[in-house]
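Given next are the chains, with one letter for each unit.
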Amino acid sequence: MKQNNYVSLKFVRKDPSGENDKLVFLNQTKLPLEENYIETDNYERVAEAIEKLEIRGAPLIGIAAAYALALSVKTANENFAEKFYTAHKRLIETRPTAVNLFFALKTMKDFFEENKDSTNLYETLLGKAKDIHKEDEEFCRKIGRNGLAIFKTKAAILTHCNTGKLATGGDGTAFSVIKNAFENELVKFVYADETRPLLQGSRLTAFELEKCGIPFALLSDSSAAFLMKQNKVDLVITGADRIALNGDSANKIGTYNLALLSYHHNIPFYIAAPSTTIDRTIATGDEINIEYRDKSELLSFYDKQITSPGYDAFTPAFDITPSHLITGIITEEGVFNFPYNFTR
């Protein structure tokens, strides 16, 4: 097996004082051609990285935001609350759909308000951010283990977007299931959708599959139906960015297509996500706020214009898969099957 010795994000303490503490993250917009790591202690730089998709993946942006909030008070000698709330407001505006971001920001805000009189507020907040990171790492491990239950025999898997170390604090969500199944000789092959328009499948998932030594092939998003018709797919597994109480799930645009195709071809369709992705304030997917990206992401790529910049474009970043199309939802708590009835 190849060595997957890369990290998506880590916190580095360079000296005992903590003055040179940095958040280090892999700039995912450069992958797979360049592994470029960025170091910063500036919450604004982290916010920009989330907006630009240099840091992406629902759990990972929540983790990054938690560290950013801690860093916002690192050099403060006074006005801690002003600095914290300014950073909180900035980070909450970065991306609207992934609930993990809001979960992490609320957790950090509540913790700040409980500990704002701490003698070393920065270290206190940093400890909480590290806890959020460690919790997601453990969730990923459990999701991978729980996902083994969906395999009845060795399977060919189709996945969409990116759900591995590049998207989470651990080995991933859907990718963790795939990786664990492969290590247990339950995976024959993986098909990775390219995932237009930003190619998170062909740039990021392929990068991670190669690092782990898992056999795979890329396919255009529009090829999935033909692949299924040829009986080359046994399971479909994707991640999610927000899940309603009834199981309706928002994930990268194109996921709904796969769910419909799986239903038509009688192929099990699973979602893997931590319980923090379940939004317990909304009943159905109709209440999910869908992010729309700038049309330049569709009309150009890597700063190269591929069609007229004057064209209009429809650019949702996510779609919503109705719960009845989802065979099961894999979390760190176990595998849940339709009909879903997550509690508040």
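Residues numbered from 1 in each chain as written. Predicted model: local features only at pLDDT ≥ 70, side-chain atom pairs only at ≥ 80, totals over all residues. Heavy atoms only, no water.

## Here we look at the overall build of the chain
Assigned secondary structure in the chain consists of 10 helices and 15 strands. Taking 20 Å as the expected radius of gyration for a compact globule of 344 residues, we find that the chain reaches 20 Å, a close match to that expectation. Over its C-alpha atoms, taken along the principal directions, the chain stretches across nearly 65 × 45 × 45 Å. Looking at the chain as a whole, 54% of its 344 residues are labelled buried. Of all intrachain contacts in the chain linking residues separated by at least 6 positions in sequence, the fraction that spans at least 24 positions is 74%. (Helix = DSSP H or I, 4+ residues; strand = E, 2+ residues; numbered from the N terminus. Rg over C-alpha atoms; globule rule 2.2 N^0.38 Å. Buried < 20%, exposed > 50% of the residue type's maximum accessible area, 1.4 Å probe, protein only. Contact = heavy atoms within 4.5 Å.)

## Regarding the packing of helix 4 (residues 99–115) against helix 5 (residues 121–146)
Following both chains from N to C, one finds helix 4 and helix 5 inclined at 145 degrees, their axes separated by 10 Å at the closest point. For the crossing formed where helix 4 meets helix 5, the hand is right-handed. Residues Ala-104, Thr-107, Met-108, Phe-111, Phe-112 and Asn-115 of helix 4 lie in contact with helix 5, whose contacting residues are Leu-121, Thr-124, Leu-125, Lys-128, Ala-129 and Ile-132. Residues that form the contact of helix 4 with helix 5 fall into these classes: 8 nonpolar, 3 polar and 1 charged. (Axes fitted to C-alpha atoms, helices over the stretch in contact; angles between N-to-C directions. Left-handed = near helix turned anticlockwise from the far one by under 90°. Nonpolar A, V, L, I, M, F, W, Y, C, P; charged D, E, K, R; others polar.)

## What about the sheet that holds strand 8 (residues 242–243)?
If you trace the 3 strands from one edge of the open sheet to the other, you get 8-9-13, paired in antiparallel fashion. Looking along the sheet, the strands with just one partner apiece sit at the ends: strand 8 and strand 13 (318–321). Here 4 bridges tie strand 9 (residues 249–252) to strand 13, and the two strands are oriented antiparallel to one another. Among the inter-strand pairings, Lys-252 is bridged to a residue of strand 13, identified as Phe-318. (Pairing = 2+ DSSP bridges.)

## A word on the side chain of Thr-94
Take Thr-94: it is sitting in the loop between helix 3 (80–92) and helix 4. Taking the relative accessible area as the measure of exposure, Thr-94 reaches 8% and is therefore buried. If we ignore the near neighbours within four places in the chain, the residues touching Thr-94 are Ala-47, Ile-50, Glu-51 and Leu-101.

## Brief notes about the nonpolar core
Leu-9, Ile-55, Tyr-67, Leu-91 and Leu-125 are the most contacted members of the largest nonpolar core, which has 38 residues in total. Breaking this core down by element, the ones donating at least two residues are strand 1 (9–12), strand 2 (22–26), helix 1 (43–51), helix 2 (58–71), helix 3, helix 4 and helix 5. If one sorts the elements of this core by residue count, helix 2 sits on top with 12 residues. In terms of nonpolar packing, the next biggest core, distinct from the first, is built from 24 residues, Ala-224, Val-233, Ile-271 and Phe-342 among them. (Core = buried A, V, L, I, M, F, W, Y, C linked by side-chain atoms within 4.5 Å.)

## Looking at the packing of helix 1 against helix 3
A pair of packed helices is captured by two measures, namely the crossing angle of their axes and the spacing between those axes. Running from amino to carboxyl end, helix 1 crosses helix 3 at an angle of 10 degrees, the nearest separation of the two axes being 9 Å. Taken together, the axes of helix 1 and helix 3 are roughly parallel relative to one another. Contact residues: helix 1 offers Tyr-43, Glu-44, Ala-47, Glu-48, Ile-50 and Glu-51, while helix 3 offers Thr-86, Ala-87, Arg-90 and Leu-91. Tallied by class, residues from the contact of helix 1 with helix 3 come to 5 nonpolar, 1 polar and 4 charged. (Parallel < 35°, antiparallel > 145°, perpendicular 65-115°, else oblique.)

## Re the sheet that holds strand 2
Taken together, 3 strands build an open sheet; the order of strands is 1-2-3 and the sheet is antiparallel. Two strands bound the open sheet, and with one partner strand each, they are strand 1 and strand 3 (37–40). On average, adjacent strands in this sheet sit at an angle of 20 degrees to one another, irrespective of strand direction. Summarising the sheet, strand 1 and strand 2 pair through 4 bridges and their orientation is antiparallel. Bridged to Leu-9 within strand 2 is Phe-25.

## Some points on the packing of aromatic side chains
Remark: the centre distance and the inter-plane angle together describe each pair of aromatic rings, the angle taken between the planes. Throughout the structure, instances matching the rule amount to 11 aromatic pairs. On the basis of an interplanar angle of 85 degrees and a centroid distance of 5.6 Å, the ring pair of Phe-84 and Tyr-85 is categorised as edge-to-face. Put simply, the rings of Phe-336, Phe-338, Tyr-340 and Phe-342 touch in pairs and so form one group of aromatic residues. Positioned above the aromatic ring of Tyr-6, the side-chain terminus of Lys-165 is 4.3 Å from the ring centre. Looking at Lys-252, its charged tip hangs above the ring of Phe-318, at a distance of 4.6 Å from the centre. (Phe/Tyr/Trp six-rings, centres within 6.5 Å; stacked < 30°, edge-to-face > 60°. Lys NZ or Arg CZ within 6 Å of the ring centre and 35° of its normal.)

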